[in-house]
Amino acid sequence: MTRLEGSWVIEPLRKDHDRAAFTCEENSLAQYIKTQASQDARRFTAAPFVAVTDGGKTVLGYYTLSSTTLELTAVPENIAKKLPRYPTLPATLLGRLARDQSVAGKGLGEFLLMDSLHRAYVQSKEIASAAVLVDAISHKAATFYRHFDFLEFADNPNRLFLPMPKIAKLFA
């Protein structure tokens, strides 16, 4: 469980979290947390984490993490040359990240991102992960991730990654 100034708490999604009123700019992200997230958790295909107020149950934001692979040929050469020459490398997928419209502009999106990166970094010490990948749902979302130094794949500007050594420096 992660806390920020006593206001938000990040915890794994539970049955008693209230997701019914969740709204965000992308309807597909709102629908996911309402109808699919708990099924993905039960089936071990994604690990959803939610932001609630301290002591509250109403979901104000969420993200999901899962395992994926990173093809070495997709990585820019200046980064690939520092990596082992395996065809694919283990990575962490930040599958979804959204915050409720009621908390727009209050920093919850950034807090969720930092919490997801920290969680991925800590877990990478036990289950290897060379980077965190994200498939940005829109140009606006891709811009958000680029602001935090995520790098684009050459063949898809909405698919971005942040190498684990760079994430490690954030939390050193």
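Along each chain, residue indices are assigned from 1 in the same order as the chain's sequence is written. Local features in a predicted model are, by the rule used here, given only for residues with pLDDT of at least 70; side-chain atom pairs are given and counted only at 80 or more, and totals for whole chains, interfaces and linings are based on all residues. With hydrogens and water excluded, all non-hydrogen atoms of the structure serve as input to the side-chain values.

Draft legend 1. Examining the overall build of the protein more closely. Counting from the N terminus, the helices are DSSP H or I runs at least four residues long and the strands are E runs at least two residues long. Regarding its fold elements, the protein presents 6 helices and 8 strands. Scanning the protein from its N terminus toward the C terminus, one meets helices and strands in the order β-β-α-α-β-β-α-β-α-β-α-β-β-α. In terms of principal-axis extent, the alpha carbons of the protein reach across some 45 × 35 × 30 Å. Only protein chains enter the accessibility calculation, which uses a 1.4 Å probe; a residue is then buried when its area is under 20% of its type maximum, exposed when over 50%, and partly exposed in between. Expressed as a percentage of its 172 residues, the buried residues of the protein come to 41%. Every residue pair with non-hydrogen atoms within 4.5 Å of one another is taken to be in contact. Considering only intrachain contacts with a sequence separation of at least 6, the fraction spanning at least 24 residues in the protein is 62%. The accessible surface values rely on the Shrake-Rupley method and a 1.4 Å probe; as for residues, cover is taken only from the protein chains in view. If you sum the accessible surface of the protein, you get close to 9,400 Å²; carbon and sulfur atoms cover 53% of it. When the 21 positive and 18 negative side-chain charges of the protein are each reduced to one mean point, those points stand 3 Å apart. Asp and Glu are treated as the negative residues and Lys and Arg as the positive ones, with His and the ends of the chain left uncounted. Charge positions come from single atoms, namely NZ of Lys, CZ of Arg, CG of Asp or CD of Glu.

Draft legend 2. Main features of the layout of surface pockets. Any residue with an atom within 4 Å of a point lines the site, the site being either a cavity, points on a 1 Å grid over the protein atoms alone where a 1.4 Å probe fits but cannot get out, or a pocket, an open set with protein on both sides within 12 Å along at least 5 of 7 lines. Grid points are joined across faces, edges and corners, and a volume is the space filled by probe spheres set on the points. Approximately 570 Å³ is the volume found for the largest pocket. Along its surface, the largest pocket is lined by 25 residues, and Glu25, Leu97, Ala98, Ala141 and Phe144 are the ones closest to its centre. Within the residue set of the lining of the largest pocket, elements represented by two or more residues are β5 (88–99), α4 (108–124), β6 (131–135) and α5 (139–147). Across the lining of the largest pocket, the residue classes break down as 12 nonpolar, 5 polar and 8 charged. Estimated volume of the second largest pocket: approximately 390 Å³. The wall of the second largest pocket is formed by 19 residues, among which Leu65, Ser66, Ser67, Gln123 and Ile127 lie closest to the centre. Mapped onto the lining of the second largest pocket, the elements with two or more residues apiece are β3 (47–53), β4 (61–71), β5 and α4. Per element, the largest residue contribution to the lining of the second largest pocket is 4 residues, and it comes from α4. Under the convention adopted here, Pro, Cys and the residues Ala, Val, Leu, Ile, Met, Phe, Trp and Tyr are nonpolar, Asp, Glu, Lys and Arg are charged, and Gly plus all remaining residues are polar. The residue makeup of the lining of the second largest pocket, split by class, is 11 nonpolar, 7 polar and 1 charged.

Draft legend 3. Local environment of unusual backbone geometry. A positive phi angle is found at Phe44, which is not glycine, with a value near 60 degrees. Mapped onto the elements, Phe44 comes out in the loop between α2 (37–42) and β3.

Draft legend 4. Highlighting the side chain of Thr92. Following the sequence through the fold, Thr92 ends up in strand β5. Distance and chemistry together define a polar contact, namely a pair of N or O atoms within 3.5 Å, with one atom able to donate a hydrogen and the other to accept it when in protein, and with adjacent residues in sequence counting only for side-chain atoms on both sides. Among the polar contacts made by the side chain of Thr92, one reaches the side chain of Ser129 at a distance of 2.8 Å.

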